[in-house]
Amino acid sequence: MMEKRNLGKTGPAIGCLGYGAMGLEGYYGASNDDGAMETIRRALDFGMTMIDTADAYGNGHNEILVGRAVRGRRNDAFIATKFGIVFDEKESGTELRTGWGFSLKINGKPRYAEKALAGSLRRLGIDTIDLWYAHYVDPATPIEETVGGMAEAVRAGKVRYLGLSNVPADEVRRAHAVHPITAVQYEYSLWRREAETALLPTLRELGIALVCWSPLGSGFLTGTVRTLDRNDFRRNNPRFAGENLAENRARYAPLMAMARELSVSPAQLALAWLLHQGKDIIPIPGTRRPERVDENARAADIRLTDETLKRINTIARPGLAEGATLL
Ligand SMILES: NC(=O)c1ccc[n+]([C@@H]2O[C@H](COP(=O)([O-])OP(=O)(O)OC[C@H]3O[C@@H](n4cnc5c(N)ncnc54)[C@H](OP(=O)(O)O)[C@@H]3O)[C@@H](O)[C@H]2O)c1
């Protein structure tokens, strides 16, 4: 079974790799519900305990899928979901411009959180969510107010642990003073390394785990993305747009060569590198294919030498990728 890691100072021991379910909503290509069930269950078979979803993925559909997949094996899973991206047109929120050129509507008010939580519990078909994140900080709501509302859900027994996603270090500190934060979710991979500068040191000081979203660079680090379909969500991401994709492929060619040299797949190298950055790191790779769950899970067994890690740091140094980031 896969190595376990403590989810921060306050959380339980869970598989060192989790599974991200967002791609099962077709953001990176078509998906179907039966295949999705098989894929999520395969992740649980490998001990990828943390299953990551959000109420906004597929406007609630992703939580329904995750709920169906864990039925009958609730104890094998550590279910993480998020609220705060408003996907119901009748609900209000604050506009947040992203670096990918689109806006999101965010609501971090306690009354909205309470309503969103009821929806998540209903769709997941469970009584308690293991880890509940604020998906983004609401620019119009102090983080203390948002986390104060989330803490009510812990007191009511509807949520076990609290998390924050896409937050800067100073907001984590303020939130943690209101209620212990168990995990922060942020984009972190050889494709995007800013978390190393201020966020990760702060999380380490406070004893909070870093859950890495898009640990495979939304697929880029697998070396398999050459073109994108018309409806592929990654068309919004400047790193995949126009000439940037070809330029980035050229810049990362030495990393691909290194995977070949080590006889591992590029996806496995990307995940193994993350796992070597600290025992407080939990990557949550996504895939629609059960066989790729197998491949990704085996990254947990790869040992990289200090020499190899040094070479990777040089080859895929911070700032290497061309194109703006989400936040
Ligand atoms: N908090 C946030 O704001 C936020 C934002 C984005 C994502 N997330 C979370 O992070 C999770 C993971 O991120 P992600 O899905 O965006 O990106 P990712 O895990 O970095 O990459 C997923 C992509 O890589 C491909 N892939 C996976 N394993 C592969 C392998 N072994 N070989 C070749 N290709 C492979 C998948 O294609 P196939 O499906 O064809 O295998 C998919 O296109 C999400 O599911 C979501 O739960 C959170």
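Since this is a predicted model, take the numbers as computed values, not measurements.

(A) A look at helix α3 (residues 110-124). In this model, α3 (15 residues) spans 21 Å end to end at C-alpha, consistent with the 21 Å of a helix rising 1.5 Å per residue. Taken together, the buried positions of α3 are occupied by Tyr112, Ala113, Ala116, Leu117, Ser120, Leu121, Arg123 and Leu124. Down the axis of α3, the smallest arc covering the buried residues is 165°, so these residues share one side. Residues Arg111 and Ala118 are exposed on α3 and point more than 90 degrees away from its buried face. Where the residues of α3 are buried, they touch α2 (61-70), β5 (78-83), β8 (129-134) and α4 (143-155). Phi turns positive one or two residues past the end of α3, at Gly125, with a value near 70°.

(B) Fine view of the site of the ligand. The ligand sits among 30 residues. The nearest are Gly20, Met22, Leu216, Gly219 and Gly286. At 3 residues, helix α10 (residues 290-297) tops the list of elements feeding residues into the shell around the ligand. Split by residue class, the shell around the ligand holds 9 nonpolar, 16 polar and 5 charged.

(C) Expanded view of the pairing of β5. Burial runs high along β5: 6 of the 6 residues are buried. Burial of the side chains of β5 extends over both faces: Phe78, Ala80 and Lys82 are buried on one face and Ile79, Thr81 and Phe83 on the other. Pairing of strand β4 (residues 50-52) with β5 involves 3 bridges; the strand directions are parallel. Across the sheet, Ile51 pairs through a bridge with Ile79, a residue of β5. Of the crossover connections in this fold, the one passing from β4 over α2 to the parallel β5 is right-handed. Where β5 meets β8, 4 bridges bridge the pair, whose relative direction is parallel. Residue Thr81 lies in a different strand from β8, and its bridge partner there is Trp132.

(D) Quick look at unusual backbone geometry. Positioned with a positive phi, Ser218 is a non-glycine residue whose angle comes to about 55°. Structurally, the position occupied by Ser218 is in the loop between β11 (209-213) and α7 (242-251). The exposure class of Ser218 is buried, given the 26 C-beta atoms found within 10 Å. Within the chain, Ser263 stands out as a residue other than glycine whose phi angle is a positive 60°. With respect to the helices and strands, Ser263 occurs in the loop between α8 (253-262) and α9 (266-275).

Scoring rules and cut-offs
The residue count restarts for each chain, going from 1 along the sequence in the order it is written. In keeping with the model being predicted, local features are shown solely for residues with a pLDDT of at least 70 and side-chain atom pairs are shown and tallied solely at 80 or more, while totals for entire chains, interfaces and linings include all residues. Numbering of helices and strands runs from the N terminus; a helix is a DSSP stretch of H or I covering at least four residues, while a strand is a stretch of E covering at least two. Multiplying 1.5 Å by the residue count of a helix minus one yields the expected span of that helix. Burial in this document is a count-based property: other C-beta atoms within 10 Å of a residue's C-beta are tallied, and the residue is buried at 20 or more, exposed at 12 or fewer, or partly exposed in between, with C-beta positions derived from the backbone. In this context, the arc is that of the directions from the helix axis out to the C-beta atoms. Residues are treated as contacting if the C-beta atoms built from their backbones sit within 7 Å of each other. Contact assignment follows one rule, namely that a residue is near a molecule or strand if its backbone-placed C-beta atom lies within 6 Å of it. Residue polarity is assigned by list, with Asp, Glu, Lys and Arg as charged and Ala, Val, Leu, Ile, Met, Phe, Trp, Tyr, Cys and Pro as nonpolar; anything else, Gly included, falls into the polar class. A pair of strands is considered paired only if DSSP assigns at least 2 bridges between the two. With the strands pointing away from the viewer, any crossover whose connection runs clockwise from the first strand over the helix to the second is right-handed.

Everything listed is a geometric property; what it means functionally is a separate question.
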